[in-house]
Amino acid sequence: MSGVRYTEAVSDSFLHVLPRSSKACPSAGKQNDAVDYLRDRFSFVRCETHAHPVFVDAGLSFESVACPLCGAALDIGWWGERMDIAAAADFEELGVVTPCCEGESLLDALRYLEEQGFARCVITVTNPGRELGPAEVRELQRLLGTQVRVVRQHM
Ligand SMILES: [Zn+2]
């Protein structure tokens, strides 16, 4: 997925805030608190929940994936096959055995060039215009009662 990002000037960008655990889904009250917190800071904020985890990818930024155990670059074809298998099971099982060192890992623990992951609850800021600061991420973790991952997505 290389190439000139010639559409960037007119395309939307997104910040997704999701629980670090693919199975976690904070209560509706906690979701609302986190959404309110973000709405005080950004114009376009929404929250979606899903019966099963969804893959929250980094869009055009996604270019490589590496083993978290030994650091070897993983074949994108291998990764795509594992994703297909996991998708067929609604992303409820993310376990993989890496081909490089035959270690047990998870699809959401692999080292992606840009942060991405799987979640049942996704809070999205459209065209944020800036990054979230560390204090804001900490506050979101407090409000949601869980560790979070922030995925930056460029369409
Ligand atoms: Zn490895």
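The structure we're discussing is the one just above.
Presented here is an overview of the structure given in this document. These numbers were taken from a predicted model, which means no experiment stands behind them. (Residues numbered from 1 in each chain as written. Predicted model: local features only at pLDDT ≥ 70, side-chain atom pairs only at ≥ 80, totals over all residues.)

Turning next to the packing of helix 1 (residues 28-39) against helix 3 (residues 134-144). For the pair helix 1 and helix 3, the least separation of the axes is 8 Å and the interaxial angle reads 155°. When the axis of helix 1 is compared with that of helix 3, the two are roughly antiparallel. Crossing hand, helix 1 versus helix 3: right-handed. When helix 1 is examined against helix 3, the residues Lys30, Asp33, Ala34 and Tyr37 are found in contact with a partner set consisting of Glu139, Leu140, Leu143 and Leu144. Of the residues assigned to the contact of helix 1 with helix 3, the class counts are five nonpolar, no polar and three charged. (Axes fitted to C-alpha atoms, helices over the stretch in contact; angles between N-to-C directions. Helix = DSSP H or I, 4+ residues; strand = E, 2+ residues; numbered from the N terminus. Parallel < 35°, antiparallel > 145°, perpendicular 65-115°, else oblique. Left-handed = near helix turned anticlockwise from the far one by under 90°. Contact = placed C-beta atoms within 7 Å. Nonpolar A, V, L, I, M, F, W, Y, C, P; charged D, E, K, R; others polar.)

The next thing to look at is the pairing of strand 7 (residues 117-126). The element strand 7 is extensively covered by neighbouring structure, given that nine of its 10 residues are classed as buried. As judged from the four bridges shared by strand 1 (residues 13-19) and strand 7, these two strands associate in the antiparallel manner. Pairing of Val17 across the sheet is with Ile123, part of strand 7. Sheet analysis places strand 2 (residues 45-56) next to strand 7, joined by eight bridges and oriented antiparallel. (Buried ≥ 20, exposed ≤ 12 C-beta atoms within 10 Å, placed from the backbone. Pairing = 2+ DSSP bridges.)

Moving on, we get to unusual backbone geometry. Positive phi, normally seen in glycine, also occurs at Asp90, with a value near 55°. Here Asp90 lies in the loop between helix 2 (76-88) and strand 4 (95-97). Of note in the backbone geometry, Phe91 takes a positive phi value of approximately 55° without being a glycine. On the secondary structure map, Phe91 appears in the loop between helix 2 and strand 4.

Turning our eyes to something else, we now look at the sheet that holds strand 2. Strand pairing in a sheet relies on backbone hydrogen bonds, with the paired strands running either antiparallel or parallel. Strand order in the open sheet formed by four strands is 2-7-1-8, with antiparallel pairing between adjacent strands. Of all the strands in the sheet, just strand 2 and strand 8 (148-154) have a single pairing partner and so form its edges. Adjacent strand axes in the sheet meet at a mean angle of 25°, parallel and antiparallel pairs treated alike. With seven bridges connecting them, strand 1 and strand 8 associate as antiparallel partners. Bridge pairing in strand 8 links Val17 to Val150. Strands strand 1 and strand 8 of the sheet are contacted by helix 3, whose axis makes an angle of about 120° with strand 8.

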